[in-house]
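Spelled out from the first residue to the last, the chains are:
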Amino acid sequence: MSTRVLDKVLPLTVVESTKRRLPATDRVAVVASYGTSSTVSLSLSCMVARLEEAGYEVVVVRASDDHAPLDWSRGPANDAIVVRKPNIGYDFGSWATGLELFPEIRRKPYVLLTNDSLVGPFASLAPMVEDFETSFFDVWGGTWTSQYMQHLQSFLMGFKGGVLDDATLRHFWQNLPEQPTKFDIIDKYELGLSRLLYGEGYVSGAWFDYELVVQYTQNPTIQGWKGLLEHGFPFVKRELVTNPGIVGDAFEVPAVIERMFGEDPRDWV
């Protein structure tokens, strides 16, 4: 029988920030972060600040073997709760940790789960938040893809109306089994969540459908990054900046971001 991620993580998890409790609010974002050092990227810092500007209380769950307090000096100040945990369970393990430490999040009307695999945001998150909050979806995503199978991409998800407190979704997050490989993570966590949503009859959909920017089976955040930017998506995936060889036109990313937003994305990672 597989070991539950939370069984291994929770005994080694600490709340690092002086702020330790969520205030009364309808809107919470849990941001999963990974880093080999205590330095916070400009992307993570701006993500937290922009979420707060949009009315969200933020919990940052940082997976790292570096136990020094996080250094936020590269970006704007914020009021986030910061949780530190071992790097077990990847981003899903971090989101599960945040939901377990602050169980009241599950009942909130608007909950965003995101991570720092994104470079940006290079613009306001108000359009994104409006799309999420005004949608008729129980579970919303930033993007929808047909890669592997049709599913919401997990780097940005939203849960409305307290559905995270439903027994099925509580069980999913509380009982994530530890997985041995990245493919198993994708299959059991990301694809597994979409299979669960479909099987349980939840209504799900995305801000941007893959058909806007790519062909069937392609990843909209990789092959369709430029089209997403043109449609108003204020991010690019970090691997496009750090490993531009993954797709033919990724070498254009810095110039396109500079032209559209006046920023060099290489400064944001």
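What counts and how
- Throughout, residues of each chain are indexed from 1 in the direction in which the sequence is written.
- Owing to the predicted nature of the model, reporting of local features is limited to residues with pLDDT of at least 70; listing and counting of side-chain atom pairs is limited to 80 or more, with chain, interface and lining totals taken over all residues.
- Working from all heavy atoms in the structure, the side-chain values ignore hydrogens and water.
- By the criteria applied, helices consist of DSSP H or I runs no shorter than four residues and strands consist of E runs no shorter than two, each listed in order from the N terminus.
- With a 1.4 Å probe rolled over the protein chains alone, any residue whose accessible area is under 20% of its type maximum counts as buried; one over 50% counts as exposed, and the rest are partly exposed.
- The Shrake-Rupley method, run with a 1.4 Å probe sphere, supplies the accessible areas, and residue values consider only the shown protein chains as cover.
- A positive count includes Lys and Arg, and a negative count includes Asp and Glu. His and the chain ends are not counted in either.
- By convention, the point assigned to a charge is CZ for Arg, NZ for Lys, CD for Glu and CG for Asp.
- Any carboxyl oxygen of Asp or Glu within 4 Å of a side-chain nitrogen of Lys or Arg constitutes a salt bridge here.
- The aromatic pairing rule takes the rings of Phe, Tyr and Trp, using the six-membered ring of Trp, and pairs them if the centres are within 6.5 Å, calling planes under 30 degrees apart stacked, those over 60 edge-to-face and the rest tilted.
- In what follows, residue pairs with any heavy atoms lying within 4.5 Å of each other are defined as contacts.
- Buried Ala, Val, Leu, Ile, Met, Phe, Trp, Tyr and Cys residues form a nonpolar core when they are joined through side-chain atoms within 4.5 Å.
- Note that the arc is defined by the directions from the helix axis to the C-beta atoms.

(A) Spotlight on the overall build of the protein. Check the secondary structure of the protein and you find nine helices and 11 strands. The principal-axis extent of the C-alpha atoms belonging to the protein is close to 45 × 45 × 35 Å. Scored against the burial criterion, the 269 residues of the protein give a buried share of 55%. A total accessible area of about 11700 Å² is found for the protein, and carbon and sulfur atoms account for 49% of it. Each charge class in the protein was averaged separately, 24 positive and 35 negative side chains, and the resulting centres sit 5 Å apart.

(B) Representation of unusual backbone geometry. A cis amide bond links G120 with the next residue in sequence, P121, at an omega value of 10°. Note that P121 resides in the loop between β6 (118-119) and α4 (126-134). Within the chain, T217 stands out as a residue other than glycine whose phi angle is a positive 80°. With respect to the element layout, T217 can be found in the loop between β10 (204-209) and α7 (225-230). Looking at T217, the relative accessible area reads 43%, which means it is partly exposed.

(C) Here's a closer look at the pattern of salt bridges. All told, the structure shown has 12 salt bridges when counted by the stated rule. Of the charged contacts, one joins R27 and E133 as a salt bridge, the two residues approaching to 2.7 Å between their closest N and O atoms. With R27 in strand β2 (residues 27-34) and E133 in helix α4, the pair connects residues that are 106 residues apart, well separated along the chain. Owing to a relative accessible area of 24%, R27 belongs among the partly exposed residues under this scheme. For E133, a relative accessible area of 18% gives the class buried. A salt bridge links D264 to R266; the shortest N-O distance between them is 2.9 Å. Connected through shared salt-bridge partners, K19, E57 and D79 make up one network.

(D) Broad picture of the packing of aromatic side chains. The full count for this structure, using the stated rule, is 18 aromatic pairs. Judged by centre distance (5.5 Å) and plane angle (25°), the ring pair of F122 and F261 falls under stacked. Here F261 lies in helix α9 (residues 253-261) and F122 lies in the loop between β6 and α4, a separation of 139 residues in the sequence. F261 sits in the partly exposed class, given a relative accessible area of 24%. Each residue in the set Y110, F132, W140, F155, W207, F208, F233 and F235 is aromatic and connected to the rest through ring pairs, giving one cluster.

(E) Fine view of the environment of D249. Mapped onto the elements, D249 comes out in the loop between α8 (238-242) and α9. Among all residues touching D249, those that are not within four sequence positions of it are W225 and K226.

(F) Summary view of the nonpolar core. Counting 72 residues, the largest nonpolar core has L51, F92, I105, M128, F159, W173 and L193 as its most contacted members. For L193, the residues in contact, after removing those within four places along its chain, are F92, M157, F159, L169, F172, W173 and K188.

(G) The arrangement of α9 in detail. Every buried residue of α9 is listed here: V253, P254, V256 and I257. On an axial view of α9, the arc spanned by its buried residues comes to 165°, and they lie on one face. The exposed set on the far side of α9, more than 90 degrees from its buried face, consists of A255 and R259. Elements in contact with the buried residues of α9: α7, β11 (236-237) and α8.

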